[in-house]
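Here is how the chains run, residue by residue.
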Amino acid sequence: MVSGLLMAITAGSLVSLQNIFNSKVNERADTWTTTTLVLGLGAIASFLIGLFVEGKGMFNFANMEPWYWVSGLIGIGVVTCLVQGVKWLGPTFAISIVLTSQLGFALLWDSLGWFGLEKVPFTAKQLIGVLVIVGGIVVFKFGGRHKVLQDSKAA
């Protein structure tokens with residue numbers, strides 16, 4: 001469990017870092033160039049690391065559902081939407097919305113048992129947890145606005 005927690009924390013920090021880098025690339029290049037650069041370099045690096053770590057086993061696709069291959073295409077939407085979201089909302093607000101959306105949809109997919117997942121019963125506790133996070137985002141985004149406005153008027 002500790003390993004899983006460490007990997008999840010690391011993934012969260014890397015996603016946040018990647019979004020900052022992506023938004024900086026997007027300041028100098030358009031969205032599709034940014035997406036191509038991010039996913040292209042990622043594909044090359046993954047391929048080379050995969051060959052080094054897994055060798056020929058990397059090409060063993062036995063028992064893989066064909067629709068799993070769509071995952072790479074989903075990555076295009078992820079990078080493109082994140083780059084635009086960060087550009088329009090700022091990193092912290094955009095990522096907080098992304099994480100809440102991710103949690104909400106993961107809960108939905110689990111509860112419905114879609115995409116080959118084991119069906120997990122939906123509970124009120126899960127709904128309350130997501131709503132608390134949404135409430136936190138609302139407080140984060142709009143809670144400090146009055147102080148900032150007052151400070152700027154006083155100056």
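Scroll up to find the structure this text is about.
How each quantity is defined
Residues numbered from 1 in each chain as written. Predicted model: local features only at pLDDT ≥ 70, side-chain atom pairs only at ≥ 80, totals over all residues. Heavy atoms only, no water. Helix = DSSP H or I, 4+ residues; strand = E, 2+ residues; numbered from the N terminus. Rg over C-alpha atoms; globule rule 2.2 N^0.38 Å. Contact = heavy atoms within 4.5 Å. Areas by Shrake-Rupley, 256 points an atom, 1.4 Å probe, with all protein chains shown as cover. Lys, Arg positive; Asp, Glu negative; His and termini not counted. Charge placed at Lys NZ, Arg CZ, Asp CG, Glu CD. Phe/Tyr/Trp six-rings, centres within 6.5 Å; stacked < 30°, edge-to-face > 60°. Buried < 20%, exposed > 50% of the residue type's maximum accessible area, 1.4 Å probe, protein only. Lys NZ or Arg CZ within 6 Å of the ring centre and 35° of its normal.

Asker: Can you explain the overall build of the protein chain? Please cite residues and give values.
Answerer: Looking only at helices and strands, one finds six helices and zero strands in the protein chain. Going residue by residue from the N terminus, the α and β elements of the protein chain occur as α-α-α-α-α-α. On C-alpha atoms alone, the protein chain measures out to a radius of gyration of 20 Å, which is more than a quarter above the 15 Å that the 2.2 N^0.38 rule sets for 155 residues. The dimensions of the protein chain, computed from C-alpha atoms along their principal axes, are 65 × 45 × 30 Å. Pairs at least 24 residues apart make up 51% of the contacts formed inside the protein chain by residues separated by at least 6 positions. On the protein chain, roughly 11,800 Å² of surface is accessible, and the fraction owed to carbon and sulfur atoms is 72%. Charge separation in the protein chain, taken as the distance between the mean sites of 10 positive and 7 negative side-chain charges, equals 13 Å.

Asker: Any chance you could break down the packing of aromatic side chains for me, citing the residues and the numbers?
Answerer: Per the stated rule, a full pass over the model turns up eight aromatic pairs. Centre to centre, the rings of Trp 67 and Phe 115 are 6.2 Å apart; their planes meet at 50°, and the pair counts as tilted. Taken together, the positions of Trp 67 in the loop between α2 (31-54) and α3 (71-89) and Phe 115 in the loop between α4 (91-112) and α5 (124-142) put the pair 48 residues apart, joining distant regions of the chain. Assessed through its relative accessible area of 47%, Phe 115 is described here as partly exposed. Relative to Phe 115, the ring of Trp 114 lies with its centre 6.2 Å away and its plane at 85°, an arrangement referred to as edge-to-face. Directly above the ring of Phe 93 sits Lys 141, whose terminal nitrogen or CZ lies 4.7 Å from the centroid.

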